[in-house]
Amino acid sequence: MDNDPMGDIKNVLKKGRWRNLIIIAALVVSLFAFRPWVQIGAGERGVVQNFGAVQDKVLNEGIHFKIPIVQTVILMDVKIQKAMTDAASSSSDLQDVDLSVALNYHIIPDKANLVYQTIGVEFKERIIDPAIQEVMKAVSARYTAEELITKRPAVSTEMQQALTSRLLASNISVDAFSIISFSFSQTFTDAIEAKQTAEQNALKAKRDLDRIKVEAEQTIAAATAEAEALRLQKMNISPDLIELRKIEANLKAIEKWNGILPEVTGAGAIPFIGVGDAIKNK
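Because the structure is a prediction, the values reported are computed rather than measured.

A count of helical and extended segments in the protein gives eight helices and eight strands. When each of the 282 residues of the protein is scored for burial, the buried share is 22%. Contacts in the protein between residues at least 24 apart in sequence constitute 65% of all its contacts with a sequence separation of at least 6. Accessible area for the protein stands at about 20200 Å²; split by element, carbon and sulfur atoms hold 59% of it.

What follows is the structure, given as structure tokens:
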């Protein structure tokens with residue numbers, strides 16, 4: 001039986017080539033199956049676990065390698081998040097108060113592993129909402145219902161400071177806090193409206209009284225000025241002035257005379273009886 005050395009070599013090479021292809025394919029499949037890398041997106045941090053134990057290292061944004069089977073990476077969102085919460089409480093004067101607030105917060109990025117280890121991923125339900133409820137009730141109880149309205153900025157600042165201190169202990173940072181609305185019982189709301197109406201009416205009455213006082217003062221001032229003018233005029237009257245006024249009056253009467261003499265010139269005067277007829281008979 002003849003042996004073909006060249007044929008044997010070719011067969012070995014073919015078998016080696018297929019073996020290498022199989023090995024490479026197995027490696028590729030294993031690579032995608034075990035995924036020895038992890039991608040951390042924008043606004044996220046990676047919490048590394050070795051067989052379930054949380055490690056001190058926190059992975060930043062980007063691609064990182066991990067040991068398959070041994071290590072797992074939990075993604076934690078560290079972007080600013082918003083919580084809307086409603087709460088019912090009482091003021092210091094025992095008025096029922098319903099509050100609605102908004103809180104902006106975020107996990108402290110390099111403490112993401114501690115947040116996951118101590119709280120988990122449901123930190124809003126476990127920490128955020130209860131903290132808001134407690135702080136809202138505690139702060140509102142230190143103000144009267146009217147002060148909650150008139151001192152709203154101070155109330156909001158006090159609530160934010162209390163929440164900041166409380167959540168910082170859980171490695172959560174407060175970015176902003178705002179009170180959206182206050183609402184009270186209908187009885188208290190009606191009382192506030194009645195008080196505002198009374199204050200407005202009192203202010204209007206005061207303005208009317210001030211206006212009347214000013215008008216009275218103006219009238220008195222005008223009367224005083226007129227009286228002073230008359231007094232000064234009286235002081236300037238003299239016999240010569242009186243005689244001058246008489247002459248002026250007679251001159252005006254002469255200008256208006258129609259040429260007919262009166263039959264009676266006045267009380268005690270001698271009547272000019274028949275003077276007109278005598279003139280006509282001349």
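With that out of the way, let us pick up the sheet that holds strand E6 (residues 81–90). Sheet architecture is open: three strands sit in the order E6-E7-E8, paired in antiparallel fashion. In the strand order of this sheet, the two ends are held by E6 and strand E8 (172–184), each with one partner. Strand-to-strand twist across the sheet, computed as the mean angle between neighbouring axes with direction ignored, equals 20°. Across 10 bridges, the pairing between E6 and strand E7 (residues 96–107) is antiparallel. Opposite Ser89, over in E7, you have Val97 as the bridge partner. Where helix H3 (residues 123–140) meets the sheet, its contacts fall on E6, E7 and E8, and the angle it forms with E6 comes to roughly 40°.

Another point: H3. Taking 1.5 Å as the rise per residue, H3 with 18 residues should run 26 Å; its terminal C-alpha atoms sit 25 Å apart, in good agreement. Those residues of H3 that sit buried are Phe123, Ile128, Asp129, Ala131, Ile132, Val135, Met136, Val139 and Ser140.

What follows concerns the pattern of salt bridges. Applying the stated criterion across every chain yields a total of nine salt bridges. In this structure, the salt-bridge partner of Asp129 is Lys124, at a minimum N-O distance of 3.1 Å. Across the salt bridge formed by Lys206 and Asp210, the nearest N and O atoms sit 3.3 Å from each other. Here Lys206 and its partner Asp210 are both found in helix H6 (residues 186–235), four residues apart, which amounts to about one turn of the helix.

Let us look at helix H5 (residues 152–168). A rise of 1.5 Å per residue sets the reference length of H5, with its 17 residues, at 24 Å; its end C-alpha atoms lie 24 Å apart and thus fit the reference within 8%. Buried within H5 are the following residues: Val155, Ser156, Met159, Leu163 and Leu167. Buried residues in H5, looked at end-on, bunch into an arc of 95°, giving them a common side. Residues of H5 that are exposed and point over 90 degrees away from its buried face: Pro153, Gln161 and Ser165. Of the surrounding secondary structure, the elements contacted by the buried residues of H5 are E7, H3, helix H4 (145–150) and E8.

Now for the environment of Asn104. For Asn104, the location among the structural elements is in strand E7. The exposure class assigned to Asn104 is partly exposed, which follows from its relative accessible area of 25%.

All right, on to the sheet that holds strand E5 (residues 71–77) then. Pairing in this open sheet of three strands is antiparallel, and the strands run E3-E2-E5 from one edge to the other. Across the chains shown, the open sheet's two edge strands, defined by having one partner strand only, are strand E3 (53–59) and E5. On average, each strand axis in the sheet is inclined to that of its neighbour by 30°, with strand direction left out of account. Two elements, strand E2 (residues 44–50) and E5, share seven bridges in a ladder whose sense is antiparallel. Of the residues in E5, the one forming a bridge with Gln49 is Thr72.

Reading the values: the criteria
- Residues numbered from 1 in each chain as written.
- Predicted model: local features only at pLDDT ≥ 70, side-chain atom pairs only at ≥ 80, totals over all residues.
- Heavy atoms only, no water.
- Helix = DSSP H or I, 4+ residues; strand = E, 2+ residues; numbered from the N terminus.
- Buried < 20%, exposed > 50% of the residue type's maximum accessible area, 1.4 Å probe, protein only.
- Contact = heavy atoms within 4.5 Å.
- Areas by Shrake-Rupley, 256 points an atom, 1.4 Å probe, with all protein chains shown as cover.
- Pairing = 2+ DSSP bridges.
- Axes fitted to C-alpha atoms, helices over the stretch in contact; angles between N-to-C directions.
- Expected span 1.5 Å × (residues − 1).
- Salt bridge = Lys/Arg side-chain N within 4 Å of Asp/Glu carboxyl O.
- Arc of directions from axis to C-beta.

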